[in-house]
Amino acid sequence: MKRIFATIALAGLLGQVHAAERRVATADQLATFFKSTTYVVTTNDNIIFDAFLNDAVKRFWTTTPYKVVDKAGFDTLRTNENNSFLMLTKVIESKDKLKRPYIYLSLLMGSKEAESDLDLMPEVASIPLACESAEGDIPTMMLNPMVIFVQKHAEKSKEKSFKDRLLANFQQRLQAYNYNMSQLKGKIVYICKSDVDIKVNIREMEAKHSMLRFVDKEDIARVVSEKEANAAVAFAVYPQGSEKGAYGYKMVMDADGALYYYYYETKPKNFLFQKNDFDMLISNL
């Protein structure tokens, strides 16, 4: 899957960035990551994001020493191959004619080539957080577990826990975690009602399995912030509207950063959770 990549901090450079396949960090680059200082890139472009990311890092970043830098600091440091960067990035799918930006949490390595092309920064981990066009729907509550997730993903990559065939394509990389579905057994899965398709009979789904809970956003925030035991959250990332060319993402993750399910949708009618999604979840609870 080709994509155009730019950081939120460098949104002004978007026109200079070429569509490119994100490079996965090599074994040597992963080894360098674990010896690096990680620079957390924040800007004043979105003070809410800055605050949530900084708080999540203070509470949950344990893998490497870290420092917080601004855009100017990133510009100076990004070409050093011994540096790593945790940052919110803006991604535009190259097949999307409307150029809708998606916001990802990305863990990247520095690169000498990054001075001219940010796409050439090797990726240690990356996961979709929100679609920028979603009105008031940016799930900042998920930044805490996602900060934990990218560290766990780096460890798994170092240990070569993934099958190579699942790492070849950007959209398929995180689907390696679907093998964790059986680990959902015994967990309560909370789903925000606004992420459920209107055709789904919520009462019927809850009747099928007591471990499915359809709740409001406030309940999701509580489950994540309190790190409720034996709980996981199902959530969707998708653009508003139903135009072709966009992507939607469905995930199930717990507050400790364990990813149990990841799926990307190309059909807008399937961006929200469908009956077959819940039938699949129920079969693993």
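Residues numbered from 1 in each chain as written. Predicted model: local features only at pLDDT ≥ 70, side-chain atom pairs only at ≥ 80, totals over all residues. Heavy atoms only, no water.

Caption draft 1: Main features of the overall build of the protein. When helices and strands are tallied, the protein shows 7 helices and 11 strands. Expressed as a percentage of its 285 residues, the buried residues of the protein come to 55%. Sequence-distant contacts in the protein: of pairs separated by 6 or more residues, those separated by 24 or more amount to 69%. Carbon and sulfur atoms provide 49% of the accessible area of the protein, an area that totals close to 12900 Å². (Helix = DSSP H or I, 4+ residues; strand = E, 2+ residues; numbered from the N terminus. Buried < 20%, exposed > 50% of the residue type's maximum accessible area, 1.4 Å probe, protein only. Contact = heavy atoms within 4.5 Å. Areas by Shrake-Rupley, 256 points an atom, 1.4 Å probe, with all protein chains shown as cover.)

Caption draft 2: Local environment of the nonpolar core. Counting 79 residues, the largest nonpolar core has Leu 53, Leu 105, Leu 129, Leu 184, Ile 191, Leu 212 and Phe 278 as its most contacted members. Contact partners of Ile 191, with chain neighbours within four places excluded, come to Val 196, Leu 212, Arg 213, Phe 214, Val 215, Ile 220, Ala 234, Phe 273 and Phe 278. Residues Phe 74, Phe 85, Ala 114 and Leu 118 belong to the second largest nonpolar core, which totals 11 residues. (Core = buried A, V, L, I, M, F, W, Y, C linked by side-chain atoms within 4.5 Å.)

Caption draft 3: Main features of the side chain of Gln 274. Secondary-structure assignment places Gln 274 in the loop between strand E11 (259–265) and helix H7 (275–282). Judged by its relative accessible area of 10%, Gln 274 falls in the buried class. A polar side-chain atom of Gln 274 sits 3.2 Å from the main-chain carbonyl oxygen of Lys 269. Beyond its immediate sequence surroundings of up to four residues, Gln 274 is in contact with Asp 197, Lys 199, Val 200, Lys 250 and Lys 269. (Polar contact = N/O pair within 3.5 Å; in protein donor to acceptor, adjacent residues only side chain to side chain.)

Caption draft 4: Summary view of the packing of aromatic side chains. According to the stated counting rule, one finds 12 aromatic pairs in the structure shown. Ring geometry for Phe 33 against Phe 34: centres 4.9 Å apart, planes inclined by 65 degrees, an arrangement best described as edge-to-face. Three or more aromatic residues joined by ring pairs form one cluster here, namely Tyr 102, Tyr 104, Tyr 247, Tyr 249, Tyr 262, Tyr 263 and Tyr 264. Sitting over the ring of Phe 34, Lys 158 keeps its end group 4.6 Å from the ring centre. The ring of Phe 273 has Lys 250 sitting right over it, with the charged end atom 5.7 Å from the ring centre. (Phe/Tyr/Trp six-rings, centres within 6.5 Å; stacked < 30°, edge-to-face > 60°. Lys NZ or Arg CZ within 6 Å of the ring centre and 35° of its normal.)

Caption draft 5: Expanded view of the environment of Met 87. With respect to the helices and strands, the residue Met 87 is situated in strand E4 (residues 84–93). Measuring from C-alpha to C-alpha, the distance between Met 87 and Thr 42 comes to 7.2 Å, with 45 residues separating the pair along the chain.

Caption draft 6: Broad picture of the pattern of salt bridges. With the rule as written, the count across this model stands at 13 salt bridges. The closest approach of N and O atoms between Asp 55 and Arg 59, which form a salt bridge, is 3.6 Å. Here the residue Asp 55 and the residue Arg 59 both occupy positions in helix H2 (residues 47–60), the gap between them amounting to 4 residues, near one helical turn. Overall, Asp 55 belongs to the partly exposed group, its relative accessible area being 36%. Taking the relative accessible area as the measure of exposure, Arg 59 reaches 45% and is therefore partly exposed. Between Lys 199 and Asp 197 there is a salt bridge, and its shortest N-O distance comes to 3.0 Å. A residue is classified by how much of its surface remains accessible, and Lys 199, at 65% relative accessible area, is exposed. Through salt bridges that share partners, Lys 71, Asp 75 and Arg 78 make up one connected network. (Salt bridge = Lys/Arg side-chain N within 4 Å of Asp/Glu carboxyl O.)

Caption draft 7: Region of the structure containing the packing of helix H1 (residues 27–35) against helix H4 (residues 143–158). At their nearest, the axes of H1 and H4 sit 10 Å apart, and the two run at 135 degrees to each other. Taken together, the axis directions place H1 and H4 in an arrangement best described as oblique. Our pair here, H1 against H4, has a crossing hand that is left-handed. Residues Leu 30, Phe 33 and Phe 34 of H1 lie in contact with H4, whose contacting residues are Ala 154, Glu 155, Ser 157 and Lys 158. (Axes fitted to C-alpha atoms, helices over the stretch in contact; angles between N-to-C directions. Parallel < 35°, antiparallel > 145°, perpendicular 65-115°, else oblique. Left-handed = near helix turned anticlockwise from the far one by under 90°.)

Caption draft 8: Fine view of unusual backbone geometry. Backbone geometry at Lys 227 places phi at a positive 50 degrees, although glycine is not the residue there. Its location among the elements puts Lys 227 in the loop between helix H6 (217–225) and strand E9 (231–237). For Lys 227, a relative accessible area of 34% corresponds to the partly exposed category.

Caption draft 9: Fine view of the confidence of the model for the protein. Here the protein averages 84 in pLDDT, while 85% of its residues score no lower than 70. Confidence drops under a pLDDT of 50 for residues 1–20, and excluding neighbours within four residues, the segment shows 72 contacts in the predicted structure. (pLDDT = per-residue confidence, 0-100.)

Caption draft 10: How the structure looks around H2. With 14 residues, H2 should reach 20 Å at 1.5 Å per residue; the first-to-last C-alpha distance of 20 Å fits that figure. All buried positions along H2 are accounted for by Phe 49, Asp 50, Leu 53, Ala 56, Val 57 and Phe 60. Down the axis, H2 shows its buried residues gathered within 140 degrees of arc, on one side only. H2 presents Ile 47, Ile 48 and Lys 58 as exposed residues on the side facing more than 90 degrees away from its buried surface. Turning to H2, the residues buried within the fold contact strand E2 (38–41), strand E3 (66–69), E4, strand E5 (101–109), strand E6 (123–131) and H4. (Expected span 1.5 Å × (residues − 1). Arc of directions from axis to C-beta.)

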